[in-house]
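# Observations on the three-dimensional arrangement
If you want the building blocks of each chain, they are given just below.
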Amino acid sequence: MASNNTELIEKILHFKRQRNAVILAHNYQLGEAQDIADFVGDSLELSQNAAKTDADVIVFCGVHFMAETASILCPDKIVLLPDIHAGCPMADMITTKSLREKKRELPGAAVVCYVNSSAEVKAESDICCTSANAVEVVESLDSEEILFVPDQYLGHYVSTKTDKKIVLWPGFCPTHVRIQPEDITRLKLEYPQAKAVVHPECRPEVIALADEVLSTGGMCRFAQNTEAKEIIVGTEIGIIHRLKKENPEKKFVPLSEQAICPTMKLINLEKMLRSLEEMAPEVKVPEETRLRAKVAVDRMLKVA
Ligand code: SF4
């Protein structure tokens, strides 16, 4: 297996050089994808990185909406998603049609769209946000009424940090809702010295019991800076790979072993190699949608 991986890695690196490609991986990806990537990060960090890369090709190890965001920001680059079926169930919980209907009901509301959404939904929105900057984005707007889509839990978390009226969309992340308040209560008893960090996509009852509420990028920084030696991690468990690698002297305990996002695990070394060889599957946002979605993404990047 190890020698197979070594061979695959050599071939990927060969094609990467030949294509002048950069490999970006989300913190939830398989360890093998994270280890070969040029950059590993959360959605915000990945979009910032995609925006400034001078590579001709971006191999995106993440899910479809992330590759779309790269395409929105870098229309001249080829964006490859090594498995085109790597989608996000939360992003599928909203359509442009349903969003337009809701906008008609709330004509005075500004639409803040979590980046976990399709390019078309972004194109219908005033501004995007990630879990790292959602509060700042909402606070940056003149409007006092906000329609927050599609994650009701991130939206609820934001509503606890602002005086603005937040109207929630009923979407959610099926992976993060598996994390239960009982999990955090049990682990805090088992590890009384540990700090519990959770993602704002978690249920409010889980967030209420946490020491910190952070994006995955925020969790990585917290792990490096905290004096705590034990950290309970409330998000998709793929991030444990990076946390352990960067902090070998600390102990990381997943809040729930059930917190696995199946679509985040679809990309592996074989698919990355095939993608670089065949230069497919490519994710390209149609120009008319791209231009409208870019307004919302650019506005977010100015706040971030
Ligand atoms: S972890 Fe949740 S929000 Fe992230 S890609 Fe998976 S389903 Fe979507």
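Just above sits the structure.
Residues numbered from 1 in each chain as written. Predicted model: local features only at pLDDT ≥ 70, side-chain atom pairs only at ≥ 80, totals over all residues. Heavy atoms only, no water.

With that settled, consider the site of the ligand. Taken together, the neighbourhood of the ligand is formed by Y28, V63, C88, P89, M90, N116, C173, P174, E201, C261 and M264. Along the lines of polarity and charge, the residues of the shell around the ligand split into nine nonpolar, one polar and one charged. (Near = heavy atom within 4 Å. Nonpolar A, V, L, I, M, F, W, Y, C, P; charged D, E, K, R; others polar.)

Following the criterion strictly, the structure yields 18 salt bridges and no others. The salt bridge partner of E124 is R100, with a shortest N-O separation of 2.9 Å. Taken as a pair, E124 in the loop between α6 (119–123) and β6 (127–129) and R100 in helix α5 (residues 96–105) lie far apart in primary sequence, 24 residues in all. Residue class for R100 comes out partly exposed when judged on its relative accessible area of 39%. One salt bridge connects E236 with K265, and the closest N-O pair in it is separated by 3.1 Å. In this pair, E236 is assigned in the loop between β11 (230–234) and α12 (239–246) and K265 in the loop between β12 (251–254) and α13 (269–278), connecting sequence segments 29 residues apart. Taken together, the shared-partner salt bridges in this structure form one network comprising R100, K103, E124, E288 and R292. (Salt bridge = Lys/Arg side-chain N within 4 Å of Asp/Glu carboxyl O. Helix = DSSP H or I, 4+ residues; strand = E, 2+ residues; numbered from the N terminus. Buried < 20%, exposed > 50% of the residue type's maximum accessible area, 1.4 Å probe, protein only.)

In sheet architecture, strand pairing relies on hydrogen bonds along the backbone and comes in two forms, parallel and antiparallel. Judged by pairing direction, the sheet is parallel, and its four strands sit side by side in the order β2-β1-β3-β4 without closing on themselves. Lying at the two open borders of the sheet, with one neighbouring strand each, are β2 (39–41) and β4 (78–80). On average, adjacent strands in this sheet sit at an angle of 20 degrees to one another, irrespective of strand direction. Across three bridges, the pairing between strand β3 (residues 57–61) and β4 is parallel. Residue I58 lies in a different strand from β4, and its bridge partner there is V79. (Pairing = 2+ DSSP bridges. Axes fitted to C-alpha atoms, helices over the stretch in contact; angles between N-to-C directions.)

Among the secondary structure elements, I78 is positioned in strand β4. Judged by its relative accessible area of 30%, I78 is partly exposed. For the pair I78 and D163, spaced 85 residues apart in the sequence, the C-alpha separation amounts to 42 Å. With residues up to four places along the chain from it excluded, the contact list for I78 reads D56, V57, I58, M279 and E282. (Contact = heavy atoms within 4.5 Å.)

The quantities given are spatial measurements derived from coordinates; they are silent on function.
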